Amino acid sequence: MQAYIVQLPKFEDPRGNLSFLEEENHVPFMIERVYWIYDVPGGQVRGGHAFKIQKELIIALSGSFDVEVDDGSEKQIFSLNRSYYALYLVPGLWRRMQNFSTNSLALVLCSTSFDETDYIRDYQEFLNFGKS
Ligand code: TYD
């Protein structure tokens, strides 16, 4: 499984905590795009696809949600519930995001600009991807 948690710096402070990330130090790629998912109604699922070349770093900036990561042979669930944990996903991993808490905010840093042709949205196609 080529997905793992990157721990980000955390400055605990009675005035409120602070975390940050730097592309060179904490992100395993050059950031080309950032998007965020918010106002997710209870029970909804996002994702349900893989990318051919895009790398991603996913952070639960607020609230919590689960990311189910599937490499075609093994599935792993990463529960993101701290704003100083980032989940790094290499290309070729099927991901589903679910169990969003109320008011959760998912920040996603991407290595590429948006390209629909980089998506694999069919699970069977995903299983065959890279096999030939
Ligand atoms: P999609 O990636 O399928 O959402 P999910 O995170 O649930 O898998 O994107 C949903 C829609 O938003 C899709 O029509 C494409 C559009 N979109 C963009 O135009 N730009 C982006 O950067 C992203 C992430 C999505």
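For the structure itself, look to the data block above.
Summarised in this report is the structure supplied together with it.

What counts and what doesn't
- Residues numbered from 1 in each chain as written.
- Predicted model: local features only at pLDDT ≥ 70, side-chain atom pairs only at ≥ 80, totals over all residues.
- Heavy atoms only, no water.
- Helix = DSSP H or I, 4+ residues; strand = E, 2+ residues; numbered from the N terminus.
- Rg over C-alpha atoms; globule rule 2.2 N^0.38 Å.
- Buried < 20%, exposed > 50% of the residue type's maximum accessible area, 1.4 Å probe, protein only.
- Contact = heavy atoms within 4.5 Å.
- Areas by Shrake-Rupley, 256 points an atom, 1.4 Å probe, with all protein chains shown as cover.
- Lys, Arg positive; Asp, Glu negative; His and termini not counted.
- Charge placed at Lys NZ, Arg CZ, Asp CG, Glu CD.
- 1 Å grid on protein atoms, 1.4 Å probe; cavity = no way out; pocket = protein on both sides within 12 Å on 5 of 7 lines; lining within 4 Å.
- Points joined across faces, edges and corners; volume = space filled by probe spheres on them.
- Nonpolar A, V, L, I, M, F, W, Y, C, P; charged D, E, K, R; others polar.
- Patch = residues over 30% accessible without salt bridge, like charges linked within 9 Å, V, L, I, M, F, W, Y side chains within 5 Å.
- Salt bridge = Lys/Arg side-chain N within 4 Å of Asp/Glu carboxyl O.
- Core = buried A, V, L, I, M, F, W, Y, C linked by side-chain atoms within 4.5 Å.

Topic: the overall build of the protein chain
Scanning the protein chain from terminus to terminus reveals two helices and 12 strands. Reading the protein chain from its N terminus to its C terminus gives the helix and strand order β-β-β-α-β-β-β-β-β-β-β-β-β-α. Against the globule reference of 14 Å for 132 residues, the protein chain gives a C-alpha radius of gyration of 15 Å, in line with a compact fold. Seen through its C-alpha atoms, the protein chain measures out along the principal axes to roughly 55 × 35 × 25 Å. Within the protein chain, the proportion of its 132 residues that are buried is 39%. For the protein chain, the proportion of contacts with a sequence separation of at least 24, taken over those separated by at least 6, is 77%. A total accessible area of about 7700 Å² is found for the protein chain, and carbon and sulfur atoms account for 47% of it. Averaging the positions of the 12 positive and the 18 negative side-chain charges in the protein chain gives two centres separated by 3 Å.

Description of the environment of Asp122
Tracing the chain through its elements places Asp122 in the loop between strand E12 (119-120) and helix H2 (123-128). Residue classification places Asp122 among the partly exposed positions, given a relative accessible area of 41%. On a C-alpha basis, the gap between Asp122 and His49 in space is 7.1 Å, while along the polypeptide they are 73 residues apart.

Let's talk about the layout of surface pockets
Taken as a whole, the largest pocket spans an internal volume of roughly 200 Å³. Lining the largest pocket are Arg33, Tyr35, Ile37, Arg46, Gly47, His49, Glu56, Ile58, Arg95, Met97, Tyr119 and Arg121. Those elements that provide at least two residues to the lining of the largest pocket are strand E4 (33-37), strand E5 (46-51), strand E6 (56-62) and strand E10 (94-98). Split by residue class, the lining of the largest pocket holds five nonpolar, two polar and five charged.

Focus: a nonpolar patch on the surface
On the surface, Phe11, Leu18 and Phe20 cluster together into a nonpolar patch covering about 300 Å² of accessible area. You can see Phe20 is positioned in the loop between strand E3 (18-19) and helix H1 (23-26).

Some words on the nonpolar core
If you look at the biggest cluster of nonpolar residues, it comprises 30 residues, and the most contacted ones within it are Leu57, Ile58, Phe65, Val67, Val69, Leu87 and Met97. It is strand E11 (residues 105-110) that provides the largest number of residues to this core, a total of five residues. Beyond its immediate chain neighbours, meaning those up to four positions away, Leu57 contacts Val6, His26, Val27, Pro28, Phe29, Ala86, Leu87, Tyr88, Leu107, Val108 and Leu109.

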